[in-house]
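Reading the structure
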Amino acid sequence: MRQIKWGLLMTFGLVSLSTMAQEKIEAKYTKQVERLAKSKQVKVAFDFIRQQKDSTTMDLITLTEVLAPPFMEDERGKVFSKMLQEAGVDSIWTDKVGNVIGLRKGTSGEPGYVGVDAHLDVVFPEGTDVTVKKVGDTLKAPGIGDDTRGLAMLISMLKAMNKAKIKTQKDILIVGTVGEEGLGDLRGMKYLFNESGLNIDSWIAIDGGSLGRISNAGLGSKRYKLTVKGPGGHSWGAFGLANPHHALGKVIDIFSKDAWDYTSGDIPRTSFNVGRIGGGTSVNSIPFESWMEVDMRAIDPMNLDEIEAIFKTSVEKAITEYNNSGVRDEVIYELTKIGDRPSGELPPSLPLIQRSMAATQYFGVTPSLGRGSTNINIPVSKGIPSVCIGRGGKGGGAHSLHEWYLNDEPGDESIQLALLITLAQAGLGK
């Protein structure tokens, strides 16, 4: 797999999904995009995207009503695969981790794929009611936007390319990826770029909201589950016995103090959070197990490594101190890494990023570069040209049971934008 050594840049003081300074768009990319958008075939494709608005909405409803919890994306993957087949691809397959991949062959025979994806998974657990309800023109259901709308956009793009008989120079991979959310830990993208053997030289992810937002940087994170175990016993009869909850509390106290000192220093933005805690059987029982899940994030990979080291040191220090505090017996602990997303940033001068900004500007929207925790974290960390663009339209309540989406006019433009960026990167074929 080709890995382009661009020399990743680090930007300081930015928060996740924040807007970076607007970058200059080189005239040659503006001209390239304008010439492409005004070509006869692309105009036909754009018109067809508008004409099939109702069909795209039906695809969105169909996909939304197939629940795809983390690690359980298979059923939605089958529906998406059928849609790809019906829309028309040269070949289609599902890889061993569940990514659904459609290949649309180019004319040049050049090595390297242009990939465009949306993720199959949603954050909601098995049993969630995902029936889509219509309130006027607004669609309401968990997952209706994030990222099911992106999947429907891919199908609309593919149909439009085939309707307009558009050929591209480079091969295009149209992908429904698994494992983007939460503990999925980008497993679909990690497989594609680390194990699949596919020679992918650029990537376009559809995820997020408004038209104009372009992510060219990945916010890295490391996540751990700490489990503390002890013998357990009665709160009165075994009083004084080592208590995993008490030990866990000491870990949180020491880690919070040391990590706060570190993150409050003069370093690029870095964060830490104890997000979940559990364990115990009853109020009058000394627990035999206590656990917590910790999330750490940083712009700079070095800071992410350092906050991780602080966490591990804090755990060892706290458990040792607790076991030496006079309690009977002792606790033991297990550390399990449950998430590892790399950081990185690509320079705005890269052709893909320039084309993405020029295409956005073509639709009358000021492009803004930003940083997020998305599928592009993986290729960005390898220096492979990648962007993440928004779904357009209007929406809200992401990751809640009250999520909604309204496919107003910018919703159609978001599909046209995704197509324009893809074609600019892959090149029109003959």
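Residues numbered from 1 in each chain as written. Predicted model: local features only at pLDDT ≥ 70, side-chain atom pairs only at ≥ 80, totals over all residues. Heavy atoms only, no water.

Among the nonpolar cores identified, the biggest contains 75 residues, and Phe80, Leu192 and Trp203 are the most heavily contacted of them. For this core, the element with the most residues is helix α11 (residues 409-426), which contributes nine residues. Setting aside anything within four residues of it in sequence, one finds Phe80 in contact with Leu63, Val100, Leu120, Leu151, Leu154, Ile155, Val175 and Gly176. (Core = buried A, V, L, I, M, F, W, Y, C linked by side-chain atoms within 4.5 Å. Buried < 20%, exposed > 50% of the residue type's maximum accessible area, 1.4 Å probe, protein only. Helix = DSSP H or I, 4+ residues; strand = E, 2+ residues; numbered from the N terminus. Contact = heavy atoms within 4.5 Å.)

Tallied over the full model, the rule gives 22 salt bridges. With a closest N to O distance of 3.8 Å, Arg391 and Asp146 form a salt bridge. Residue Arg391 is found in the loop between β17 (386-389) and β18 (394-396), and its partner Asp146 is found in the loop between β5 (138-140) and α5 (148-163); the two are separated by 245 residues along the sequence. A single burial state applies to Arg391 and to Asp146, both of which are buried. Ionic pairing is found between Asp147 and Arg391, a salt bridge with its closest N-O pair at 3.5 Å. Remark: Arg391 occurs in the loop between β17 and β18 and Asp147 occurs in the loop between β5 and α5; sequence separation between them is 244 residues. Assigned by exposure class, Asp147 and Arg391 land together as buried. Within the structure, one salt-bridge network assembled from shared partners comprises Lys222, Glu308, Lys312, Lys337 and Asp340. (Salt bridge = Lys/Arg side-chain N within 4 Å of Asp/Glu carboxyl O.)

With that settled, the discussion passes to the packing of aromatic side chains. Per the counting criterion, the structure on display carries six aromatic pairs. Feature note: the residues Tyr224, Phe255, Phe272 and Phe311 constitute an aromatic cluster, connected by ring pairs. (Phe/Tyr/Trp six-rings, centres within 6.5 Å; stacked < 30°, edge-to-face > 60°.)

In this fold, Thr374 is placed in the loop between β16 (368-372) and α10 (377-381). What Thr374 contacts, discounting residues up to four positions off in sequence, is Glu180, Leu186, Arg341 and Cys388.

What follows covers the pairing of strand β13 (residues 289-298). Regular strands show a simple pattern: their side chains alternate between the two faces of the sheet. The buried fraction of β13 is high, at eight of 10 residues. Here strand β9 (residues 220-229) runs beside β13; their pairing, made up of 10 bridges, is antiparallel. Within β13, the position partnered with Thr227 by the bridge is Trp291. Summarising the sheet, strand β11 (residues 270-279) and β13 pair through nine bridges and their orientation is antiparallel. Residue pairing in the sheet places Ser271 in a bridge with Arg297 of β13. (Pairing = 2+ DSSP bridges.)

Right, let's talk about the side chain of Asn377 for a bit. Position of Asn377 among the secondary structure elements: in helix α10. Look at Asn377 and you get buried, because its relative accessible area is 0%. Asn377 has contacts with Leu186, Gly218, Leu219, Gly220, Arg341, Pro342 and Gly372, leaving out every residue within four places of it along the chain.

This next bit is on the confidence of the model for the chain. Atomic detail in the predicted coordinates should be set aside for any region of low pLDDT. Mean pLDDT over the chain: 94, with 94% of residues reaching 70 or higher. Considering only residues more than four positions removed or in separate chains, one finds that residues 1-20, a stretch of pLDDT under 50, has 65 contacts. (pLDDT = per-residue confidence, 0-100.)

Next up on the list: the side chain of Gln52. By the element assignment, Gln52 lies in the loop between α2 (40-51) and α3 (53-64). You can call Gln52 buried: its relative accessible area is 6%. Here the side chain of Gln52 touches Ser156 through a polar contact of 2.8 Å, side chain to side chain. (Polar contact = N/O pair within 3.5 Å; in protein donor to acceptor, adjacent residues only side chain to side chain.)

This next bit is on the sheet that holds β13. Through backbone hydrogen bonds, the strands of a sheet pair up, either in parallel or in antiparallel fashion. Across the sheet, four strands lie side by side as β11-β13-β9-β14; this open sheet has antiparallel pairing. At either end of the open sheet lies a strand with only one pairing partner, and these are β11 and β14 (332-341). Going across the sheet, the axis of each strand differs from the next one's by a mean of 15°, ignoring polarity. Against the sheet, helix α8 (residues 301-323) makes contact with β9, β11, β13 and β14, and its axis sits at roughly 10° relative to β9, the strand it touches most. (Axes fitted to C-alpha atoms, helices over the stretch in contact; angles between N-to-C directions.)

Nonpolar side chains collect at one region of the surface, where Phe71, Met72 and Leu183 lie side by side and expose about 300 Å² of accessible area between them. With respect to the helices and strands, the residue Leu183 is situated in the loop between β6 (171-177) and α6 (187-194). A residue is classified by how much of its surface remains accessible, and Leu183, at 44% relative accessible area, is partly exposed. (Patch = residues over 30% accessible without salt bridge, like charges linked within 9 Å, V, L, I, M, F, W, Y side chains within 5 Å. Areas by Shrake-Rupley, 256 points an atom, 1.4 Å probe, with all protein chains shown as cover.)

Within β6, seven of the seven residues are buried, leaving the element largely enclosed by the surrounding structure. What you see with β6 is no split at all: Asp171, Leu173, Val175 and Thr177 on one side and Ile172, Ile174 and Gly176 on the other are buried throughout. The pairing of strand β2 (residues 100-104) with β6 spans five bridges and is antiparallel. Note that in β6 the partner of Val100 across the bridge is Gly176. Bridge count for strand β3 (residues 113-119) against β6 is seven bridges, and the pairing is parallel. Across the sheet, Tyr113 pairs through a bridge with Asp171, a residue of β6.

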